[in-house]
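These are the residues of each chain, in order.
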Amino acid sequence: MVDVFSNEKEIDKETVFQAVESALEAATSKRYSHNIRSRVSINRKTGDYDTFRCWEVVEADSRFENDLEFPHTQMLLDDARNIKSDAEVGDVIEEQIDSIEFGRIAAQTAKQVIIHKVREAERQKIVEAYKDRVGELITGIVKRIEKGSVYLDLGGHVEAYISKEDMIPRESVRIGDRVRGYLKSVRSEQRGPQLFVSRAAAELLIALFRLEVPEVGEGMIEIKGAARDPGSRAKIAVKANDPRLDPVGACVGMRGSRVQAVSNELAGERIDIILWNDSEAQFVINAMAPAEIESIIIDEDKHCMDLAVKSDNLSQAIGRGGQNVRLATELTGWELNVIDASKAEASSGAEAEITKKLFIDELGVDDEVASILVEVGFNSIEEIAYVPVNEMLEIEEFDKELVEELKNRAKDALLISAIASEEKIEAAEPASDLLEMEGMDKDLAYEMASHGILTMEDLADQSVDDLLEFSDVNEERAAKLIMKAREPWFAGDQGV
């Protein structure tokens, strides 16, 4: 019977034997008034079985009257050594007892255990079969739909699950439809689905292009990234590893056949194929298509770009509900801000005038030299002071003598500014209410004053983190000082 069952369910015979042994052990335990531990051993060839009662060897515990917490499943070390001379704590002592008949109760228990074991084994088989296929496309038939979530039949009693969040919004599917998805994870769980599929993931778009475009599968074209607004619009960045290939044209296909096939699979999703570029600025310009970018301002510290576009092109660049700029941001990894080119130009011109005036006032140069410095990209005195001489010599109108003079003047201006700042800090005097406040000392009050905290009211506006930068101030002291400074606030509330 084990042979037949094992072959029919494609379950290892040892798993079935273990299930029967577990059932017999459970039935044996029920025969006793107390819950004992038992072990059943079935002869794999003859079908005969022996039953053993088991005790765990433990040391005496004075907390219990007979020195045992569980007397029906435990045995003292001294008693165990009377049976087995080399017994140690933690060993199991076994005594053979009469085996029960494989009657109705045992058979019923065995049935439940075997069903449970078979289900476990079948679920483990599914995990083993699919765990190496994560990241692949899989196809199944819609078996049932529950509250927007879809269960797929992959064949061979294997089910996959697509949650409502992983479905394409407003996509209509019916029982019996053939659906394709991206296998995003395989999890071994006791209940519920184990194969989790997505139709909303960007990886599905990449996998479909890999399927439809042979050049991608062969490595001649590389997909560098993708971004999706599922069911509405998507962008995918491609790069040709073979210079003779047009990667965008290859992905579009003859009369758009390839991109159309992918779009149809994704419920009509509109797909922009973007040419990837080593230059991040150019890549962003490509990603913002079909909008035309007039100019770009890059802030590498904040990892963002300001994109200036013409007024009549502004809505197209942003897209409906910000869709175009959002997808471009996701695709490129840069935070993108779209601004009106005319306003940007006016703002840039105003900033340039302010910077030019700064150079004239601080460096003592004429309007022409200040204009050249602004035009080539200098924005501060620090840049002029510390930029390498050879870079400034690349400016056509500048010679070595002028460059050295400009750098010296810039360093002098920075030094004067630093001295003035120090004098201002030294001149700062804390108010009497701050000096006399409970918990405050003179050194700390002057240190705070040098940072602009002159009164109790100033201190009350600070946070604990703000005060941790001062000497001899930990979190506890900072909290107490702030609460003391805020006492007038609460006194005012009580008065009202």
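Here goes a summary of the coordinates provided. Please read all numbers here as calculations on a predicted model, not as lab measurements.

1. Some words on the overall build of the protein
(1) Moving on: Scanning the protein from terminus to terminus reveals 22 helices and 15 strands.
(2) Moving on: Over its C-alpha atoms the protein spans a radius of gyration of 39 Å, topping by over 25% the 23 Å that the globule rule assigns to 496 residues.
(3) Moving on: Dimensions of the protein along its principal axes, counting C-alpha atoms only, are 110 × 80 × 55 Å.
(4) Moving on: With 496 residues in all, the protein has 38% of them scored as buried.
(5) Moving on: Sequence separation of at least 24 residues holds for 52% of the intrachain contacts in the protein that already meet a minimum separation of 6.
(6) Moving on: When the accessible area of the protein is evaluated, it comes to approximately 29700 Å², of which 47% is carbon and sulfur surface.
(7) Moving on: Computed over 59 positive and 101 negative side-chain charges, the inter-centroid distance for the protein is 13 Å.

2. Side note on the packing of helix H9 (residues 280-287) against helix H11 (residues 323-332)
Two packed helices can be described by the angle between their axes and the distance between those axes.
(1) Moving on: The contact between H9 and H11 brings their axes to 9 Å, and the two run at 145°. For the pair H9 and H11, the crossing hand works out as right-handed. Here H9 contributes Phe283, Val284 and Ala287 to the contact with H11, which in turn contributes Ala328, Leu331 and Thr332.
(2) Moving on: For the contact of H9 with H11, the class distribution of residues is five nonpolar, one polar and no charged.

3. Structural notes on the sheet that holds strand E15 (residues 335-340)
(1) Moving on: Here we have three strands laid out as an open sheet, ordered E13-E14-E15, and mixed in their pairing. Bordering the open sheet on either side are strand E13 (295-299) and E15, each of which pairs with just one other strand. When strand polarity is set aside, the average angle formed by the axes of neighbouring strands in this sheet is 20°.
(2) Moving on: Where E13 lies against strand E14 (residues 304-309), five bridges are found, and the strand directions are antiparallel. Counted as the bridge partner of Ile298 is Met305 from E14.
(3) Moving on: The sheet contacts of H9 involve E13, E14 and E15, and relative to E14 the element is tilted by about 50°.

4. Some points on unusual backbone geometry
(1) Moving on: Residue Ala289 is joined to Pro290 through a cis peptide bond whose omega torsion reads 10°.
(2) Moving on: Assignment of secondary structure puts Pro290 in the loop between H9 and E13.
(3) Moving on: One non-glycine residue, Ala267, adopts positive backbone phi at about 60°.
(4) Moving on: Tracing the backbone through its elements, the reader meets Ala267 in the loop between helix H8 (257-265) and strand E12 (270-275).
(5) Moving on: Classification of Ala267 as partly exposed rests on a relative accessible area of 40%.

5. Some details on the nonpolar core
(1) Moving on: Leu205, Phe209, Ile236, Ile271 and Ile273 are the most contacted members of the largest nonpolar core, which has 24 residues in total.
(2) Moving on: Secondary structure elements with two or more residues in this core: helix H5 (202-212), strand E10 (221-229), strand E11 (233-240), helix H7 (247-252), H8 and E12.
(3) Moving on: With six residues, H5 is the largest single contributor of residues to this core.
(4) Moving on: Those residues in contact with Ile236 that sit more than four places away from it in its chain are Leu205, Ile206, Phe209, Ile223, Gly225, Ala226, Ile271, Asp272, Ile273 and Ile274.
(5) Moving on: Ranked by size, the runner-up nonpolar core spans 21 residues in total, among them Val369, Phe378, Ile395 and Ala413.

6. Considering the packing of aromatic side chains
How two aromatic rings sit relative to each other is set out by the distance from centre to centre and by the angle between their planes.
(1) Moving on: For the structure shown, the criterion picks out three aromatic pairs.
(2) Moving on: Between Tyr161 and Phe196, the ring centres sit 6.1 Å apart and the planes meet at 90°, which makes this aromatic pair edge-to-face. Highlighted residues: Tyr161 in strand E7 (residues 158-162) and Phe196 in strand E9 (residues 195-198), separated in sequence by 35 residues. For the pair formed by Tyr161 and Phe196, the shared burial category is buried.
(3) Moving on: In textbook terms, an aromatic cluster arises when at least three aromatic residues are bridged by ring pairs, as seen for Tyr151, Tyr161 and Phe196.
(4) Moving on: Lying over the aromatic face of Tyr151, Arg144 brings its terminal NZ or CZ to 3.9 Å of the ring centre.
(5) Moving on: For Lys224, the ring lying beneath its charged end belongs to Trp276, and the centroid distance is 4.5 Å.

7. Regarding the sheet that holds E10
Pairing between the strands of a sheet is mediated by backbone hydrogen bonds and can be parallel or antiparallel.
(1) Moving on: Strand order in the open sheet formed by three strands is E10-E11-E12, with mixed pairing between adjacent strands. A strand with exactly one partner marks an edge of an open sheet, and here the two such strands are E10 and E12. Adjacent strand axes in the sheet meet at a mean angle of 20°, parallel and antiparallel pairs treated alike.
(2) Moving on: Inspection of the sheet shows E10 paired to E11 by eight bridges, in the antiparallel sense. Bridged to Glu222 within E11 is Lys239.
(3) Moving on: Relative to E12, H9 is tilted by about 155°, and along the sheet it contacts E11 and E12.

8. Here we look at the pattern of salt bridges
(1) Moving on: A full pass over the atoms with the stated rule returns 29 salt bridges.
(2) Moving on: The partner of Glu159 in a salt bridge is Arg144, and the shortest N-O contact between them spans 2.9 Å. Linking Glu159 in strand E7 with Arg144 in strand E5 (residues 137-146), this pair joins segments that are 15 residues apart in sequence.
(3) Moving on: Take Glu159: its relative accessible area is 25%, and that puts it in the partly exposed class.

9. As for a nonpolar patch on the surface
(1) Moving on: A grouping of Met483, Trp489 and Phe490 is seen on the molecular surface, where their side chains present a nonpolar patch of about 280 Å² in accessible area.
(2) Moving on: Within the fold, Met483 resides in helix H21 (residues 475-485).

10. Things to note about H21
(1) Moving on: Among the residues making up H21, those that are buried are Ala478, Leu481, Ile482 and Ala485. Angular distribution of buried residues about the axis of H21 spans 95°; they occupy a single face of the element. Exposed residues pointing more than 90 degrees away from the buried face of H21 are listed as Glu476 and Lys480.
(2) Moving on: The N-terminus of H21 is capped by Asn474, whose side-chain oxygen sits 3.3 Å from the backbone nitrogen of Glu476.

The rules we used
Residues numbered from 1 in each chain as written. Predicted model: local features only at pLDDT ≥ 70, side-chain atom pairs only at ≥ 80, totals over all residues. Heavy atoms only, no water. Helix = DSSP H or I, 4+ residues; strand = E, 2+ residues; numbered from the N terminus. Rg over C-alpha atoms; globule rule 2.2 N^0.38 Å. Buried < 20%, exposed > 50% of the residue type's maximum accessible area, 1.4 Å probe, protein only. Contact = heavy atoms within 4.5 Å. Areas by Shrake-Rupley, 256 points an atom, 1.4 Å probe, with all protein chains shown as cover. Lys, Arg positive; Asp, Glu negative; His and termini not counted. Charge placed at Lys NZ, Arg CZ, Asp CG, Glu CD. Axes fitted to C-alpha atoms, helices over the stretch in contact; angles between N-to-C directions. Left-handed = near helix turned anticlockwise from the far one by under 90°. Nonpolar A, V, L, I, M, F, W, Y, C, P; charged D, E, K, R; others polar. Pairing = 2+ DSSP bridges. Core = buried A, V, L, I, M, F, W, Y, C linked by side-chain atoms within 4.5 Å. Phe/Tyr/Trp six-rings, centres within 6.5 Å; stacked < 30°, edge-to-face > 60°. Lys NZ or Arg CZ within 6 Å of the ring centre and 35° of its normal. Salt bridge = Lys/Arg side-chain N within 4 Å of Asp/Glu carboxyl O. Patch = residues over 30% accessible without salt bridge, like charges linked within 9 Å, V, L, I, M, F, W, Y side chains within 5 Å. Arc of directions from axis to C-beta. Polar contact = N/O pair within 3.5 Å; in protein donor to acceptor, adjacent residues only side chain to side chain.

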